[in-house]
Amino acid sequence: MPPPSMDAIRIRGRRRLEGTLRVGGAKNAALPILCATLLSEGESRLRNVPGLRDIGTTAALLDVLGRKTTVNIPEVRVGPATGAFFEAPYELVRQMRASVLVLGPLVARFGEARVSLPGGCAIGARPVDQHLKGLEALGAHITVEHGYVYAKAPRLVGAEIVLDMPTVTGTENLMMAAALAKGRTTLINCAREPEVEELGRVLNKMGAKVDGAGTAIIHITGADELAPFDHAIIADRIEAGTFMAAVGATGGNVLLEDAPLDDLEPVAVKLREAGVTLERDGNGVRVVREGPILPVDVTTAPHPGFPTDMQAQFMALMTQCEGRAVLTETIFENRFMHVPELQRMGAKIAIRNNTAVVEGVGPLSGASVMATDLRASASLVIAGLVAEGETIVRRVYHLDRGYESIEKKLGGVGALIERIQLEGP
Ligand code: EPU
């Protein structure tokens, strides 16, 4: 048998980035919207869908749920319902926590859902208690057995639900469930992320009445039936932010086509303080960095705070600053896994509890590194771009969950970066 092979990314660093790069559709908007197709009987069509592993996993899940899903990036078609399938198996849920987003739609539509509990992941424990508490408030009877959540309800009924924290997928799950519930639901302390707002737009297209998505209080009046839809997904603010941090780190001048600057305001403020120029240019954003990189402190927070999904990439940028930056992570308890790898590349970072103190060191030194989650991998790619010599980033499957052809996009603006195959595990 041939030895197992794995993709890796090889980077030869210290090149300025120049040119034009297009930002794709938002992963974290596409995933809940794909799950929302389950709320209707007919065929739905999504456009501007990014070509990511998580999209493939969701398509496989929809297939298992009786919806023939055709992925033809940037388009995905979810075929008409072929029966009442309401079980999301462990095999798929364990690959992607966001699979829990089928729970709300399934119990709302079929009165029954059996969804594997996602469990913890590399970045933290990530419980789903708020999803379950909200569904119970809508009238579902919930039991957890053999690693599965079993939810049952004859018909969900609108209710007032106060979330203990503004959970993104929790808010989305409850919005979808409420869209088919009888009467009016009020969700309080909601996540305000642009992806939540986008889901509200889609549910309105389907015939629900959603008011306030993108704010802390969302009112939803459910419908007896919802219609299929055709929708183009918003651009990915985290992909755009990652490329902004990359250009900031290497220096250069890059036009990010379709970058959603409004959704990125909390990141843009910090990048500008660090010395990165961001200007609207046509339908995108021009990113320029010529002068020094200044130290900037950030603390992650729910939107409109600085996103946890940009913390690792911002840290890679701060390894290049003139001074010392303090980065504090408040959303996930274990989201500094990129730090030991950055240290292996010569970064000077001290961690104390949920705070990382980063001393700018100038050029990093290329090394073989690997990461255990998506955004940590992205930060190592940025580190590789500013390192002397060769960097190999292993476990590219993490990157492929959330970045479409990152090597082609960065290669197109002058980075020396390629995908290679490594022998062995
Ligand atoms: N939380 C609970 N109970 C719950 C739900 C959440 O205690 O029932 C806690 C979490 O443990 C965490 C905090 O609340 O400490 C916020 O978690 P949230 O539920 O908002 O995260 P999520 O919905 O599971 C989404 C994104 C993540 C992103 C977070 C935070 C999707 C599919 N995923 O996750 O994206 O980091 O919001 O913004 O939208 C990524 O794309 O790399 C990624 C991890």
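Residues numbered from 1 in each chain as written. Predicted model: local features only at pLDDT ≥ 70, side-chain atom pairs only at ≥ 80, totals over all residues. Heavy atoms only, no water.

All right, on to the state of the cysteines then. Each disulfide is one covalent bond, formed between the sulfur atoms of two cysteines. The tally for this structure, following the rule as stated, stands at zero disulfides. For the unlinked cysteine Cys-190, the closest cysteine sulfur is that of Cys-35, found at 18 Å. (Disulfide = S-S within 2.5 Å.)

Lining the immediate surroundings of the ligand are 20 residues, of which Gln-130, Thr-167, Thr-169, Asp-309 and Ile-331 lie closest. One nitrogen or oxygen atom from the side chain of Arg-126 is found 3.0 Å from an oxygen atom belonging to the ligand. Between an oxygen atom of the ligand and a side-chain N or O atom of Thr-169, the distance comes to 2.6 Å. When isolated, the ligand has an accessible area of 840 Å², and the protein chains bury 86% of it. Looking at the shell around the ligand, the elements with two or more residues in it are helix H1 (27–36), helix H5 (129–137), helix H6 (168–179) and helix H12 (374–385). (Near = heavy atom within 4 Å. Polar contact = N/O pair within 3.5 Å; in protein donor to acceptor, adjacent residues only side chain to side chain. Areas by Shrake-Rupley, 256 points an atom, 1.4 Å probe, with all protein chains shown as cover. Helix = DSSP H or I, 4+ residues; strand = E, 2+ residues; numbered from the N terminus.)

This part is about the side chain of Thr-250. As for its position among the elements, Thr-250 is in helix H8 (residues 237–250). Not counting residues up to four positions away in its chain, the partners in contact with Thr-250 are Arg-15, Arg-16, Leu-17, Arg-289, Leu-385 and Val-386. (Contact = heavy atoms within 4.5 Å.)

Attention shifts here to the confidence of the model for the protein chain. Confidence in the prediction of the protein chain, expressed as mean pLDDT, is 95, and 98% of residues score 70 or more. Contacts from residues 1–5, a stretch scored under 50 in pLDDT, to residues over four places away or in other chains number eight contacts. (pLDDT = per-residue confidence, 0-100.)

Grouped together as the largest cluster of nonpolar side chains are 72 residues, with contacts concentrated most on Leu-39, Val-102, Leu-135, Leu-156, Met-175, Leu-203 and Ile-218. Beyond its immediate chain neighbours, meaning those up to four positions away, Leu-156 contacts Val-107, Ala-108, Leu-138, Gly-139, Ala-140, Ala-177, Ala-181 and Lys-182. By size, the runner-up hydrophobic cluster in this structure holds 71 residues, among which are Ile-9, Ala-249, Ala-268 and Leu-399. (Core = buried A, V, L, I, M, F, W, Y, C linked by side-chain atoms within 4.5 Å. Buried < 20%, exposed > 50% of the residue type's maximum accessible area, 1.4 Å probe, protein only.)

This paragraph deals with unusual backbone geometry. Ile-73 connects to Pro-74 through a cis peptide bond whose omega is 10°. Residue placement: Pro-74 occurs in the loop between strand S4 (69–72) and strand S5 (75–78). Put simply, His-303 and Pro-304 share a cis peptide bond, and its omega is 10°. Note on placement: Pro-304 falls in the loop between strand S18 (298–299) and helix H10 (311–318). Its identity is not glycine, yet Asn-189 carries a phi of approximately 70°, on the positive side. Here Asn-189 falls in the partly exposed class, since its relative accessible area comes to 29%. You will see that Asn-353, though not glycine, has its phi angle at about 50°, which is positive. Summarising the element assignment, Asn-353 is placed in the loop between strand S20 (348–352) and strand S21 (355–359).

Attention now goes to the packing of aromatic side chains. Scanning the model with the defined rule gives two aromatic pairs in all. For the pair Phe-86 and Phe-110, a centre-to-centre distance of 6.4 Å together with 45° between the ring planes defines the contact as tilted. Pair noted here: Phe-86 is in the loop between S5 and strand S6 (87–88) and Phe-110 is in helix H4 (residues 103–110), with a separation of 24 residues, a long-range link. Since its relative accessible area comes to 24%, Phe-86 is described here as partly exposed. A residue is classified by how much of its surface remains accessible, and Phe-110, at 21% relative accessible area, is partly exposed. (Phe/Tyr/Trp six-rings, centres within 6.5 Å; stacked < 30°, edge-to-face > 60°.)

Strand order in the open sheet made by the four strands is S10-S11-S13-S12, with mixed pairing throughout. Single-partner strands in this sheet number two, and they are strand S10 (160–162) and strand S12 (209–211). Sheet twist, expressed as the average angle between the axes of neighbouring strands with direction ignored, equals 15°. Direction of pairing for strand S11 (residues 184–188) relative to strand S13 (residues 217–221): antiparallel, over a ladder of five bridges. Residue Arg-184 lies in a different strand from S13, and its bridge partner there is Thr-221. (Pairing = 2+ DSSP bridges. Axes fitted to C-alpha atoms, helices over the stretch in contact; angles between N-to-C directions.)

Moving on to the pairing of strand S9 (residues 148–152). Across five bridges, the pairing between strand S7 (residues 112–116) and S9 is antiparallel. Pairing of Ala-113 across the sheet is with Ala-151, part of S9. Relative to S9, strand S8 (residues 141–145) runs antiparallel, the two being bridged by five bridges. Each bridged residue has a counterpart across the sheet, and for Glu-145 the counterpart in S9 is Tyr-148. Once S8 ends, the chain turns through two residues before running back antiparallel as S9, passing His-146 with a positive phi of about 55°.

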